[in-house]
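Secondary and tertiary structure notes
Single-letter residue listing:
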Amino acid sequence: MMDVQNIRMAIDRHWAASAAGDLVAEHEIYHDDAVCEYPQSGEIIHGRRNLQALRSHHPGKPSGFEIRRIVGEGNLWVTEYDIDYQGKRAYTVSIMEFRDGKVSHEVQYFADPFAAPAWRAQWVELEARKHT
């Protein structure tokens with residue numbers, strides 16, 4: 001098992017490559033037999049090659065990318081980040097499970113922003129958003 005520092009460096013390289021559009025470096029983190037799930041659409045992608053091909057054919061490639069935080073321990077790591085797709089922001093969570101230093105399973109959730117309801121105003125603080 002890789003130590004925490006090496007896994008964290010691999011994750012940092014992965015997200016930097018993803019933000020830069022470097023499809024080769026972005027997918028170095030995955031095992032050849034990795035499985036990636038998109039629960040909101042019901043899709044399961046089997047294998048690093050299929051995942052890389054899917055992302056390389058994305059018609060609306062992301063135009064912006066911002067990491068909110070990365071937390072993890074052992075072989076389970078979570079990244080919260082924002083992606084801009086053609087002027088629209090998606091709040092995203094990636095849950096990565098590692099095996100022998102590479103990702104064997106990832107689940108990604110994508111959420112659209114929504115307006116804060118007025119009735120909650122007395123209990124909340126509104127985050128300053130860069131994009132809507």
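Section: the overall build of the protein chain
Each helix and strand counted, the protein chain has three helices and six strands in total. Going from the N terminus to the C terminus, the protein chain shows its helices and strands as α-α-β-β-α-β-β-β-β. C-alpha atoms of the protein chain, sized along the principal axes, occupy 50 × 35 × 25 Å. The proportion of buried residues among the 132 residues of the protein chain is 33%. Contacts spanning at least 24 positions in sequence make up 43% of the contacts within the protein chain whose residues lie at least 6 apart.

A few points about the pattern of salt bridges
As enumerated under the stated definition, the model contains 12 salt bridges in all. When the shortest N-O distance is used, the salt bridge between Asp32 and Arg48 registers 2.5 Å. Remark: Arg48 occurs in helix 3 (residues 48–56) and Asp32 occurs in strand 1 (residues 30–38); sequence separation between them is 16 residues.

Focus: the environment of Val71
Tracing the chain through its elements places Val71 in strand 3 (residues 64–73). Overall, Val71 belongs to the partly exposed group, its relative accessible area being 38%. Non-local contacts of Val71, meaning those with residues more than four positions away in its chain, are made with Leu76, Trp77 and Val78.

Some remarks on the packing of aromatic side chains
According to the stated counting rule, one finds five aromatic pairs in the structure shown. Look at Trp15 and Phe65: their rings are 5.7 Å apart centre to centre, the planes differ by 35°, and that puts the pair in the tilted class. Here Trp15, found in helix 1 (residues 4–20), pairs with Phe65, found in strand 3; they are 50 residues apart in sequence, far enough to count as distant. Residue class for Phe65 comes out partly exposed when judged on its relative accessible area of 24%. For the ring pair Trp15 and Tyr81, a centre distance of 4.4 Å and an interplane angle of 45° mean the geometry is tilted.

Notes on unusual backbone geometry
Of note, the phi angle at Asp100 is positive, near 55°, even though the residue is not glycine. Structurally, Asp100 can be placed in the loop between strand 5 (88–99) and strand 6 (102–111). For Asp100, a relative accessible area of 63% translates into the label exposed.

Definitions and cut-offs
- Residues numbered from 1 in each chain as written.
- Predicted model: local features only at pLDDT ≥ 70, side-chain atom pairs only at ≥ 80, totals over all residues.
- Heavy atoms only, no water.
- Helix = DSSP H or I, 4+ residues; strand = E, 2+ residues; numbered from the N terminus.
- Buried < 20%, exposed > 50% of the residue type's maximum accessible area, 1.4 Å probe, protein only.
- Contact = heavy atoms within 4.5 Å.
- Salt bridge = Lys/Arg side-chain N within 4 Å of Asp/Glu carboxyl O.
- Phe/Tyr/Trp six-rings, centres within 6.5 Å; stacked < 30°, edge-to-face > 60°.

So yeah, pure geometry; function would need other evidence.
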